[in-house]
Amino acid sequence: MSTTFNAFASGAELAEALAERVAAALSAGITARGGASLAVSGGSTPKAFFATLSKHDIDWPKVTVTLVDERFVSPDSDRSNHRLVAENLLQNNAAAAHFVPLYHPAEDVEIAAAEASIETAAIGQPFDVAILGMGGDGHTASFFPGGSRLSEALSPDTPRGVITMTAEGAGEPRLTFTFSALSDARLLVLHIEGDSKKAVLEKAQAEGDETDMPIRAVLRRAASPVEIYWAP
Ligand SMILES: O=C1O[C@H](COP(=O)(O)O)[C@@H](O)[C@H](O)[C@H]1O
């Protein structure tokens with residue numbers, strides 16, 4: 001599928017433009033289907049974008065927000081993507097949105113993933129918007145190089161849903177939507193910042209094995225066009 005590269009002079013300019021793009025896509029989804037869905041990434045990159053989007057005038061009660069991936073940690077952990085979203089996105093006007101977490105306080109991560117799959121199945125699919133990030137190792141969502149269930153997560157034969165992942169570079173066990181659940185989002189964005197991430201992207205765009213840099217699966221065979229948003 002195609003990719004487009006949108007470069008901005010600063011993270012603040014990127015946040016404004018991306019929030020504008022996402023707000024328009026969510027409003028279009030609400031007009032067309034009565035509600036809209038937004039799956040967002042965690043990590044350090046999206047904070048400014050979240051803060052900007054949270055102030056947009058959207059019919060937020062009709063928006064369902066979930067996470068692309070999550071660590072198996074409770075929402076009070078500073079490693080929690082749920083916490084990041086609660087503190088930065090579900091604020092201001094966006095406080096009225098409906099949030100569906102991936103983490104559940106289950107006995108183990110497999111049970112949490114099963115519960116997350118059931119609850120997120122109620123969100124209309126495909127997602128109206130999915131915002132992916134990318135780590136310095138070329139992971140996206142929790143598709144980590146060397147991940148315990150990487151080939152299953154990336155396989156087009158694996159249905160939509162949430163599965164577990166463990167990997168050396170991942171820290172805690174992870175919960176992640178499968179490739180099938182993310183790659184056909186009506187608006188599919190890869191949001192990265194910094195020169196080092198641009199270099200990682202360029203490496204991913206060159207030849208090489210998908211499992212070495214799982215972002216390649218998205219760049220090469222996502223069902224939807226990938227809009228890359230980058231700032232230094
Ligand atoms: O582990 C994660 O990392 C990636 C990238 O995070 P960043 O801190 O380098 O921006 C993120 O997209 C993913 O959601 C998160 O769980």
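As annotated in an unreviewed UniProt entry, the chain carries the name 6-phosphogluconolactonase and comes from Xaviernesmea oryzae. Among the UniProt annotations of the chain, the heading Sequence similarities (unreviewed entry) holds the following wording: "Belongs to the glucosamine/galactosamine-6-phosphate isomerase family. 6-phosphogluconolactonase subfamily." Quoted verbatim from the Function (unreviewed entry) field of the UniProt record, the comment on the chain reads "Hydrolysis of 6-phosphogluconolactone to 6-phosphogluconate."

(A) Spatial organisation of the site of the ligand. Near the ligand there are 14 residues, and of these Gly 42, Ser 44, Thr 45, Asp 69 and Lys 197 occur at the shortest range. In the environment of the ligand, an oxygen atom lies 2.9 Å from a nitrogen or oxygen atom belonging to the backbone of Gly 42. Asp 69 is positioned with one of its side-chain polar atoms (N or O) 2.6 Å from an oxygen atom of the ligand. Against a free-state accessible area of 390 Å², the protein chains account for coverage of 89% of the ligand. Residue composition of the shell around the ligand, grouped by class: one nonpolar, nine polar and four charged.

(B) Representation of the nonpolar core in the model. Core analysis: the biggest nonpolar cluster contains 77 residues, and Val 22, Leu 38, Leu 53, Val 65 and Leu 190 have the highest contact counts within it. Residue contributions to this core peak at nine residues, all from helix α1 (residues 11–33). Every residue in contact with Val 65, bar those within four places of it in the chain, is listed here: Leu 38, Val 40, Val 85, Leu 89, Leu 90, Ala 97, His 98, Phe 99 and Val 100.

(C) Spotlight on the sheet that holds strand β7 (residues 162–165). Across the sheet, three strands lie side by side as β4-β8-β7; this open sheet has antiparallel pairing. Lying at the two open borders of the sheet, with one neighbouring strand each, are β4 (69–71) and β7. Put simply, the sheet's adjacent strands are angled 20° from each other on average, direction ignored. Looking at chain direction, β7 and strand β8 (residues 174–177) are connected through four bridges and run antiparallel.

(D) Focus on the UniProt feature "domain: Glucosamine/galactosamine-6-phosphate isomerase" (unreviewed entry) in the chain. Here, UniProt's "domain: Glucosamine/galactosamine-6-phosphate isomerase" (unreviewed entry) annotation points to residues 11–221. Taken end to end, residues 11–221 comprises 37% helix and 17% strand; its first and last C-alpha atoms sit 28 Å apart.

(E) The arrangement of the environment of Leu 150 in detail. Relative to the assigned elements, Leu 150 resides in helix α5 (residues 150–154). In this structure the C-alpha to C-alpha distance between Leu 150 and Thr 211, which are 61 residues apart in sequence, comes to 7.4 Å. Residues contacting Leu 150, with those up to four places away along its chain left out, are Phe 143, Phe 144, Pro 145, Met 165, Thr 211 and Pro 214.

(F) Just the pairing of strand β2 (residues 36–40), in detail. Most of β2 is tucked away: five of the five residues are buried. Judged by which residues are buried, β2 turns out to be covered on both faces: Ala 36, Leu 38 and Val 40 on one side and Ser 37 and Ala 39 on the other are all buried. As judged from the five bridges shared by β2 and strand β3 (residues 63–67), these two strands associate in the parallel manner. Looking at β3, one finds that Ala 39 is bridged to Thr 66. As a crossover connection, the stretch from β2 through helix α2 (residues 47–54) into β3 is right-handed. Relative to strand β6 (residues 129–132), β2 is paired through two bridges, and the arrangement is parallel.

(G) Spotlight on the environment of Ala 114. Structurally, Ala 114 can be placed in helix α4 (residues 109–120). Residue classification places Ala 114 among the partly exposed positions, given a relative accessible area of 41%.

(H) How the structure looks around unusual backbone geometry. Pro 126 follows Gln 125 through a cis peptide bond whose omega is 5°. You can see Pro 126 is positioned in the loop between α4 and β6. The backbone of Asn 92 sits at a positive phi, close to 50°, despite the residue not being glycine. As for its placement among the helices and strands, Asn 92 is situated in the loop between α3 (81–88) and β5 (98–100). By relative accessible area, which is 48% here, Asn 92 ends up partly exposed. Of note, Ala 141 is a non-glycine position whose phi angle comes to about 45°, a positive value. Tracing the backbone through its elements, the reader meets Ala 141 in the loop between β6 and α5.

Conventions used here
Residues numbered from 1 in each chain as written. Predicted model: local features only at pLDDT ≥ 70, side-chain atom pairs only at ≥ 80, totals over all residues. Heavy atoms only, no water. UniProt positions renumbered as here; feature names shortened; annotations may be inferred. Near = heavy atom within 4 Å. Polar contact = N/O pair within 3.5 Å; in protein donor to acceptor, adjacent residues only side chain to side chain. Areas by Shrake-Rupley, 256 points an atom, 1.4 Å probe, with all protein chains shown as cover. Nonpolar A, V, L, I, M, F, W, Y, C, P; charged D, E, K, R; others polar. Core = buried A, V, L, I, M, F, W, Y, C linked by side-chain atoms within 4.5 Å. Buried < 20%, exposed > 50% of the residue type's maximum accessible area, 1.4 Å probe, protein only. Helix = DSSP H or I, 4+ residues; strand = E, 2+ residues; numbered from the N terminus. Contact = heavy atoms within 4.5 Å. Pairing = 2+ DSSP bridges. Axes fitted to C-alpha atoms, helices over the stretch in contact; angles between N-to-C directions. Right-handed = clockwise from strand over helix to strand, strands pointing away.

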